[in-house]
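Each chain is listed here by its residues.
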Amino acid sequence: MTAHLRVLPLAARLFACLAALLMTAGMVQAGEKKVEIRTLKELIAKYSSKPCQKCHPEIYGQWEKSQHAKPLMGLGGDVFLARILKNGPLAIKDGHKATKENLICAKCHLPQLLGASDAVAAELASAILNGDTATLGQLNIGCPVCHQDKAVVHSRPERGVLYGSRDLPNHPGAPVKKSPLLKDPLVCGQCHGLGPVLEFEHPEQCATLYGSYLHAYIPSGGTQTCQDCHMKGKNHYLPPNFENRNETAALYRAALPLEVQALGYVFANGNGESVPKVVVKTRIANRAGHRIPDG
Ligand code: HEC
Ligand code: HEC
Ligand code: HEC
Ligand code: HEC
Ligand code: HEC
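What counts and how
Residues numbered from 1 in each chain as written. Chains lettered and ligands numbered in written order. Predicted model: local features only at pLDDT ≥ 70, side-chain atom pairs only at ≥ 80, totals over all residues. Helix = DSSP H or I, 4+ residues; strand = E, 2+ residues; numbered from the N terminus. Buried ≥ 20, exposed ≤ 12 C-beta atoms within 10 Å, placed from the backbone. Contact = placed C-beta atoms within 7 Å. pLDDT = per-residue confidence, 0-100. Arc of directions from axis to C-beta. Near = placed C-beta within 6 Å. Nonpolar A, V, L, I, M, F, W, Y, C, P; charged D, E, K, R; others polar. Core = buried A, V, L, I, M, F, W, Y, C linked by C-beta atoms within 7 Å. Pairing = 2+ DSSP bridges.

### Describing the overall build of the chain
Point 1. A tally of regular secondary structure across the chain gives 14 helices and four strands.
Point 2. Looking at the 295 residues of the chain, the share that counts as buried comes to 22%.
Point 3. Partitioning the intrachain contacts of the chain with sequence separation of at least 6 by distance along the chain shows that 56% fall at a separation of at least 24.

### Examining the confidence of the model for the chain
Point 1. Confidence in the prediction for the chain averages 89 pLDDT; 88% of positions are at 70 or higher.
Point 2. Here residues 1-32 scores under 50 on pLDDT; set against residues more than four positions off or in separate chains, the count is 17 contacts.

### A word on helix α12 (residues 209-217)
Helical geometry: 3.6 residues make up each α-helical turn, so side chains three or four residues apart lie on a common side.
Point 1. When α12 is considered as a whole, its buried residues turn out to be Leu209, Tyr210, Ser212 and Tyr213. Down the axis, α12 shows its buried residues gathered within 160 degrees of arc, on one side only.
Point 2. Considering only its buried residues, α12 is in contact with α11 (186-192).

### Considerations on the site of ligand 2
Point 1. Among the 21 residues in the neighbourhood of ligand 2, the closest are listed as Gly74, Cys105, Cys108, Cys206 and Asp294.
Point 2. Where the shell around ligand 2 is concerned, the elements lending two or more residues are α6 (81-86), α7 (106-109) and α11.
Point 3. When residues in the shell around ligand 2 are grouped by element, the largest group, three residues, is from α7.
Point 4. Looking at the shell around ligand 2, its residues break down into 12 nonpolar, six polar and three charged.

### Looking at the site of ligand 5
Point 1. By nearness alone, 23 residues border ligand 5, and Cys226, Cys229, Ala288, Gly289 and Pro293 come closest of all.
Point 2. Of the residues assigned to the shell around ligand 5, the class counts are 15 nonpolar, six polar and two charged.

### Some words on the nonpolar core
Point 1. One finds Leu103, Leu113, Val120, Ala121, Leu124, Ala125 and Ile128 to be the most contacted residues of the largest nonpolar core, which totals 26 residues.
Point 2. Among the secondary structure elements, those contributing two or more residues to this core are α3 (40-46), α6 and α8 (118-129).
Point 3. For this core, the leading source of residues is α8, giving seven residues.
Point 4. Contacts of Leu103, omitting those with residues within four sequence positions, involve Ala98, Leu113, Ala121, Leu124 and Ala125.
Point 5. Judged by nonpolar contacts, the second largest core, of 10 residues, contains Ala151, Tyr163, Tyr210 and Tyr213.

### Some points on unusual backbone geometry
Point 1. A cis amide bond, omega 10 degrees, links Pro239 with the succeeding residue Pro240.
Point 2. Checked against the element boundaries, Pro240 lands in the loop between α13 (226-230) and α14 (245-255).
Point 3. Between Ile292 and the following residue, Pro293, the backbone shows a cis peptide bond with an omega angle of -5 degrees.
Point 4. Tracing the backbone shows Pro293 in the segment after β4 (274-284).
Point 5. At Lys234, a residue that is not glycine, the phi angle is positive and equals roughly 60 degrees.
Point 6. Inspection of the secondary structure assignment puts Lys234 in the loop between α13 and α14.
Point 7. Take Lys234: there are 10 C-beta atoms within 10 Å of it, and that puts it in the exposed class.
Point 8. Of note, Leu238 is a non-glycine position whose phi angle comes to about 45 degrees, a positive value.

### Examining the pairing of strand β3 (residues 258-268)
Point 1. The element β3 is barely covered by neighbouring structure, given that only zero of its 11 residues are classed as buried.
Point 2. Here β3 runs beside β4; their pairing, made up of 11 bridges, is antiparallel. In the sheet register, Ala262 faces β4, and the bridge partner there is Val280.
Point 3. The antiparallel pairing of β3 with β4 creates a hairpin that spans five residues between the two strands, and Gly270 there sits at a positive phi of about 95 degrees.

### Points about the environment of Ala106
Point 1. Looking at the secondary structure, you find Ala106 in helix α7.
Point 2. Using a count of 20 C-beta atoms within 10 Å as the deciding quantity, one classes Ala106 as buried.
Point 3. Sequence spacing of Ala106 and Ala121 is 15 residues, and the spatial spacing of their C-alpha atoms is 9.7 Å.
Point 4. Non-local contacts of Ala106, meaning those with residues more than four positions away in its chain, are made with Pro111, Leu113 and Leu114.

### So, the environment of Val79
Point 1. Within the secondary structure layout, Val79 lies in the loop between α5 (57-64) and α6.
Point 2. Overall, Val79 belongs to the partly exposed group, with 18 C-beta atoms counted inside 10 Å.
Point 3. Once the C-alpha coordinates of Val79 and Ile128 are considered, the two residues, 49 residues apart in sequence, prove to be 6.9 Å apart.
Point 4. If sequence neighbours within four positions are ignored, Val79 has contacts with Met73, Ile128, Gly131, Thr133 and Leu136.

Spelled out as structure tokens, the structure:
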């Protein structure tokens, strides 16, 4: 119950002061000279998880195998964004002419792109259209995305600061500051979706699972966070990993237990006929903190 109580007041507070926050964020933005990222190479370097590997090898190894390590590629390395850039409202003939408006999927699949220039979006669109998986494989939701950009919502993340569950001012490379948000489902909810994304000229909808968590699981008495269920022991592998069919099948069998009761009998209908009948009762429960499947 404690997790439930902790989650709700925080969420309530967040929404109550949203307007004030937006104003403050706007002021900070106006007063601060924004350093824009101008090349894809710069974007890859700034958001690389490699510098963290040496001292956090276990977490790095878990993350590297997770879906967060390849958000621009689907099952079997499928470059799904190529289809979006070839057909439909976001399509563009020449990748070099693309802007961030052509790559709105980046809002959640590569949020760091939103802080870069349109020239970077054009480079990325060309890499997508050329099927350049070597480059796309270096673009990910890595340590800096969650431990910097997505770890604060009350203001902009401080430059050169990492966020963790406690203060570590002497942390090598960058100080670690405590962020209460890191244990909150909102860290994940920023990308795992509330519903349609309407702020773009061509709105779309992808993940909506955080909406289901907030509107169905929590009101029916759910007490666990995303982290409680998906990051036990701080594991950064975050299953399900759909590339691993056997592992995923076992997880879903446990998540969606199927109960079957059957009764077979013979019905004598009065005309001298015997009709075989069967009554089957099935019940599927859902042990997850949201609907399954998502979307
Ligand atoms: C030179 C070694 C070194 C490097 C490089 C390094 N770390 Fe750390 N990090 C540590 C040590 C040591 C701790 C403290 C561990 C402890 O006390 O359990 C720590 C702690 C942390 C914590 C706080 C854990 C908590 O309790 O919340 C976070 C978050 C973190 N590191 C993230 C990163 C990220 C992200 C990177 C890459 C940008 C990185 N670290 C690079 C050595 C390093
Ligand atoms: C609101 C955030 C958000 C936006 C915007 C978004 N996605 Fe997603 N997408 C996700 C999340 C989170 C997942 C993985 C979790 C899930 O499926 O529940 C995902 C999964 C996917 C997958 C499945 C990946 C796989 O491994 O097979 C595809 C394909 C996809 N998105 C395509 C797109 C496209 C194309 C766009 C833009 C038109 C887009 N998404 C926009 C959040 C988003
Ligand atoms: C998808 C978001 C996400 C990504 C990507 C991510 N982390 Fe984390 N990390 C978290 C969250 C959330 C927690 C806190 C979990 C909790 O307390 O239940 C955490 C906790 C940690 C901790 C504290 C562990 C402890 O024992 O207290 C360290 C250290 C850390 N992460 C390092 C890293 C490094 C290094 C990377 C990149 C290889 C990384 N993280 C990538 C979300 C992320
Ligand atoms: C920056 C956006 C972002 C954040 C923050 C984030 N995710 Fe994801 N997550 C994604 C995307 C995008 C995918 C799908 C990647 C793919 O398969 O192409 C994904 C995949 C996953 C998957 C694998 C299942 C699947 O459908 O691919 C799980 C589980 C997951 N995320 C849980 C979490 C949890 C728990 C947190 C919070 C600790 C979190 N995520 C934070 C964007 C994010
Ligand atoms: C009560 C535990 C629980 C909570 C809370 C929970 N999940 Fe899940 N989630 C599961 C289970 C169980 C599955 C089935 C696969 C598995 O076991 O990994 C699942 C599956 C998923 C999937 C794959 C969805 C699909 O289409 O199959 C994603 C993505 C995900 N969770 C993200 C999240 C995020 C983000 C949160 C927080 C907003 C969250 N989960 C909260 C237990 C939970």
